[in-house]
Every structure is written in structure tokens, then in C-alpha cells.
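Residues per chain, in single letters:
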Amino acid sequence: MSFLLGVILTLLVLFMFGRIRIKAPVIQRAINRRLSSGPYILAVGGGTGLSTLLRGIKAFTRNITAVVAVTDEGGSSGRIRNEWGMLPPGDVRNCIVALAENDNELRRILDFRFDRGDLKGHSLGNLLLLAVTEMCGDFSMAVEQMNHLLSIRGRVLPVTTEGITLRGKTVSGLEVKGELDISVHGHELKEIWLEPVNAKPLPDVITAVDDADVILLGPGSLFTSVIPNLLMPDFAEKLKVSEVPKIYICNLMTQPEETQGMNIVQHLEWVSAALGCVPDFIIANSEEIPEDIVEAYKKEGANPLYLDYHQRDIIRNMGCIYIEAPIMSVFESDKEGRVVRHDSQKLASVIFKLIRRFEDE
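Bear in mind the structure is a predicted one, so any value in this text is a computation, not a measurement.

Peer 1: Before we go on, may I ask you to explain unusual backbone geometry in this structure?
Peer 2: Glycine aside, residues mostly have negative phi, and peptide bonds are mostly found in the trans state. With omega at 0 degrees, the peptide bond leading from Glu 195 into Pro 196 counts as cis. Note on placement: Pro 196 falls in the loop between β6 (189-195) and α10 (203-211). The omega torsion across Gly 218 and Pro 219 is 0 degrees, close enough to zero to call that bond cis. With respect to the helices and strands, the residue Pro 219 is situated in the loop between β7 (214-217) and α11 (222-230).

Shown next as C-alpha cells:
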């Protein structure tokens, strides 16, 4: 791996000292001026859900700060965390790519995975972040360098640079540790916390709350992407007292084991408990998922998440405004077949219609 890291470092030096330059055309500069006048968005989460959201909202504004969970233990990120003592880079990488100008081409390159040797399973993007971290000596500085190098529309921040671990306790009293165990026992949890309990968010994360016009929570895995960010007392308190609208974006489906059997109200209750207040709005999908896809998901232990009249009443009584809208699309996956995902453009359109409503009031 050391040879490859050396090559990556060389490329980075070329970028940093301007030997490789990319000039924005006139039209792109005009677009950038328009996007620069957009609202300031703080998006909090992790996993594929957050990167999907970012891909949509970057068409409306470049004033975006994405705060990303750093509790990932699986795959390439988990191996880098264990072998190099670095925070897991995978979710951060996905968000940086999502905010890039040409995210499709960049994703194809940075998502490339090696299939043999010591590098088997590692993505090029994760190794790139590892190389920059080794060069800078600090993960948050490395992420900042990547933000600048790729000229992304916004900014990506790890929620903290401390090594944190998810802990939880189930209704039966079983204590579970780590993201993987939490994801297996999520539907049985009665409490969840971080270790160390006094972990501190980055100062820039706190500043981003002050700058925000709107705060977005999710979409993403409830216990392993969204809630971990809210388990830092300083960050949760800052979000709680912020007077700007807070919007929770609900998942399309439950997740096998992690949220199996849970409904939308239960998702909202967990988020509210971690946040210390109820979000002002919740966005849920109203679009009917094709029956063949529903049946395939059910075999894996996942079910669609829709609101019914009973849940709507509960949400209203909680002081939250629900918004139901068609925000999903069906995609073909080489590994999973037909899957449902949030549609970046549909979701962003709903969010910015809501933002315009705030501005008109």
C-alpha cells in the first residue's frame, strides 16, 4: 500500500501547487454566482442517505455544510480505522463526491475498488483521504484539503476528530458496542450513547449551526448515521436552541434488524429524544412503491414507511408539521436488482419549496 500512497501524494502535490489547473468556463462562473446567493444549509447525517440529499440541494445553493458521522466500522473504512488509526473516511468521501461539480465522473474514479492483493476491497477515494491525512497529520485538515482540491459546492466536515464508539442497551438489558452490533440490535434498543460521552464536535461544526438558515437531519440509517451526530451534547444543545427550521427527512423503508418493525413516529421520537426537541418538520414519502419491490424487501425484513391517519395525529400533537410528497425513484443495482432510493431532485425540490415558504412569511 505504501507505493500507492506515494503516488497519490505526488498527485496531490501537483494539484496543490497548481501544476494541474481546471478553469471554470464563463457559464459555470455565472452558475456559481447564482448558487452563491442561495440559503445556508446545514445537513447532518451519514451513509448514502446524506450524499443523496447533497446531490440534489447543490443545484439550488453552494452554501452547504455537511456534518458527517464517523462511527463507521465496516468495509474499507473499518479496515483503515483499525490498521491506520484514522477516522473512517467512507461517508466523508461520498459526501465530498456528491458536492463536486461533476460528481458522476468523480464518483466513478474515487469509488473504484481494488480486487486483489493487500488493497483488495479498498476504494481509491478512501486511500486518497488516507494519503492526505498522512501528509497533513490531521483528518479534519485532510478533509478541508479535499474540499478545496475538488472545488466542491459547499463544505464537508466530520462531526468530530475524536475516536468515538456507539454503545447501546436493549430492552432485555443486553449491552451492545459498535456500529455493527447497534445495526443488528437497533429495533431492540431502549437507549443509545457515545463513548466517550464527553466527545467534542469540531469548532467549525458548531459555527455552522450559527450560519445556517435551515437544518436538515437525515435521511440515513437511524441509529448509525443520523443519531450518532446528535449524541454529542454540545452539538445537540446548539441545534436545539437554534431558531432556524429543523427538518427531519424520513427513510423510505425500514432497515432489516436496525429499524425492523418501526414506524415513522418511532423514528421521529428517537430523533427528538437525541436532539432534545421535536423537529419543526418531517418529510415522508407518499409515492407508492411497486409491489414486486415491496415483496423483495419484505423477504429481507424491510417494509415501506408511510404515514397513516393515526401517525399524522401523533405527529401533529408532538408539534411537528408533516409533509408527504413523492420523493423516491426506482434504480437498477448490479448487486441488488431493483431498489428504491430517495430521488435527489425530487427531495431537493420539496425542501426548497419549503424554504421559499419560510422566506415569504
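That covers the picture; the talk isn't over yet.
Peer 1: Explain the environment of Leu 231 here, please?
Peer 2: Position of Leu 231 relative to the elements: it lies in the loop between α11 and α12 (233-241). By relative accessible area, which is 17% here, Leu 231 ends up buried. Between the alpha carbons of Leu 231 and Ala 273 there is a distance of 9.8 Å; along the sequence they are 42 residues apart. Excluding residues that lie within four positions of it along the chain, Leu 231 makes contacts with Leu 166, Ile 192, Trp 193, Leu 194 and Ala 274.

Peer 1: It is not clear to me how the packing of aromatic side chains should be interpreted in this structure. Could you clarify?
Peer 2: According to the stated counting rule, one finds three aromatic pairs in the structure shown. A centroid spacing of 4.4 Å and a plane angle of 10 degrees characterise the contact between Phe 60 and Phe 352, whose relative ring orientation is stacked. Taken as a pair, Phe 60 in the loop between α3 (47-57) and β2 (64-68) and Phe 352 in helix α16 (residues 344-360) lie far apart in primary sequence, 292 residues in all. The class for Phe 352 is buried, based on a relative accessible area of 4%.

Peer 1: I keep staring at the sheet that holds strand β5 (residues 175-177) and nothing clicks. Help me out?
Peer 2: Read from one edge to the other, the open sheet built from three strands follows the order β5-β4-β6, with strand pairing classed as antiparallel. Each end of this open sheet is capped by a strand with a single partner; those strands are β5 and β6. Adjacent strand axes in the sheet meet at a mean angle of 20 degrees when their direction is disregarded. Pairing of strand β4 (residues 165-170) with β6, which is carried by six bridges, proceeds in the antiparallel orientation. If you follow Lys 169 over to β6, its bridge partner there is Glu 191. Running over the sheet, α11 touches β4 and β6 and is turned about 55 degrees from β6.

Peer 1: Would you take a moment to explain the confidence of the model for the chain for this structure?
Peer 2: Do not read the fine detail of predicted coordinates wherever pLDDT is low. With 88% of its residues at a pLDDT of at least 70, the chain reaches an overall mean of 88. Predicted confidence is poor over residues 13-23, with pLDDT under 50, and the contacts of this stretch with residues over four places away or in other chains come to seven contacts.

Peer 1: What is the right way to look at the packing of α11 against helix α13 (residues 264-275) in this model?
Peer 2: Relative placement of two packed helices is described by the angle separating their axes and the distance separating the axes. Packing of α11 against α13 leaves a shortest axis separation of 8 Å and a crossing angle of 25 degrees. In terms of orientation, α11 and α13 fall into the roughly parallel class. The handedness of the crossing between α11 and α13 is right-handed. Of the residues in α13, those touching α11 at Leu 222, Phe 223, Ile 227 and Leu 230 are His 267, Trp 270, Val 271, Ala 274 and Leu 275. A breakdown of the residues in the contact of α11 with α13 according to their chemical character gives eight nonpolar, one polar and no charged.

Peer 1: Quick question: what am I supposed to make of the pairing of β2 here?
Peer 2: In the case of a regular strand, side chains alternate between the two sheet surfaces. Counting buried residues along β2, five of its five residues qualify, which places the element largely inside the surrounding structure. Summarising the sheet, strand β1 (residues 41-45) and β2 pair through five bridges and their orientation is parallel. Looking across to β2, one finds that Val 44 is bridged to Val 67. Between the parallel pair β1 and β2, the chain is carried across by α3, and the sense of this crossover is right-handed. For β2 and strand β3 (residues 155-158), the ladder comprises four bridges, and the chain directions are parallel. Bridging across to β3, Val 67 finds its partner in Leu 157.

Peer 1: Could you clarify how one ought to interpret the nonpolar core in this entry?
Peer 2: Generally speaking, nonpolar side chains in soluble globular proteins are found buried as a group. Judged by nonpolar contacts, the single largest core of 106 residues is most densely connected at Leu 54, Ile 57, Leu 216 and Ile 351. Sort the elements by how many residues they give to this core and α16 lands first, with eight residues. For Ile 351, the contacting residues outside a window of four places in its chain are Leu 53, Ile 57, Leu 216, Ile 249 and Ile 283.

Peer 1: For this particular structure, what's the right way to read the pattern of salt bridges?
Peer 2: Opposite charge on two side chains lets them pair, provided their charged atoms get close. Tallying each qualifying case throughout the model produces eleven salt bridges. In this structure, Glu 175 and Arg 167 form a salt bridge, with 3.2 Å as the shortest nitrogen-oxygen distance. A relative accessible area of 15% means that Arg 167 is categorised as buried. A salt bridge links Arg 338 to Asp 292, with the shortest nitrogen-to-oxygen separation between them at 3.3 Å. Remark: Asp 292 occurs in helix α14 (residues 291-299) and Arg 338 occurs in strand β12 (residues 337-342); sequence separation between them is 46 residues. Overall, the relative accessible area of 36% leaves Arg 338 in the partly exposed class. Its relative accessible area of 45% is what places Asp 292 among the partly exposed residues. Connected through salt bridges with shared partners, the residues Arg 167, Lys 169, Glu 175 and Glu 195 form a single ionic network.

Conventions and cut-offs
- Residues numbered from 1 in each chain as written.
- Predicted model: local features only at pLDDT ≥ 70, side-chain atom pairs only at ≥ 80, totals over all residues.
- Heavy atoms only, no water.
- Helix = DSSP H or I, 4+ residues; strand = E, 2+ residues; numbered from the N terminus.
- Buried < 20%, exposed > 50% of the residue type's maximum accessible area, 1.4 Å probe, protein only.
- Contact = heavy atoms within 4.5 Å.
- Phe/Tyr/Trp six-rings, centres within 6.5 Å; stacked < 30°, edge-to-face > 60°.
- Pairing = 2+ DSSP bridges.
- Axes fitted to C-alpha atoms, helices over the stretch in contact; angles between N-to-C directions.
- pLDDT = per-residue confidence, 0-100.
- Parallel < 35°, antiparallel > 145°, perpendicular 65-115°, else oblique.
- Left-handed = near helix turned anticlockwise from the far one by under 90°.
- Nonpolar A, V, L, I, M, F, W, Y, C, P; charged D, E, K, R; others polar.
- Right-handed = clockwise from strand over helix to strand, strands pointing away.
- Core = buried A, V, L, I, M, F, W, Y, C linked by side-chain atoms within 4.5 Å.
- Salt bridge = Lys/Arg side-chain N within 4 Å of Asp/Glu carboxyl O.

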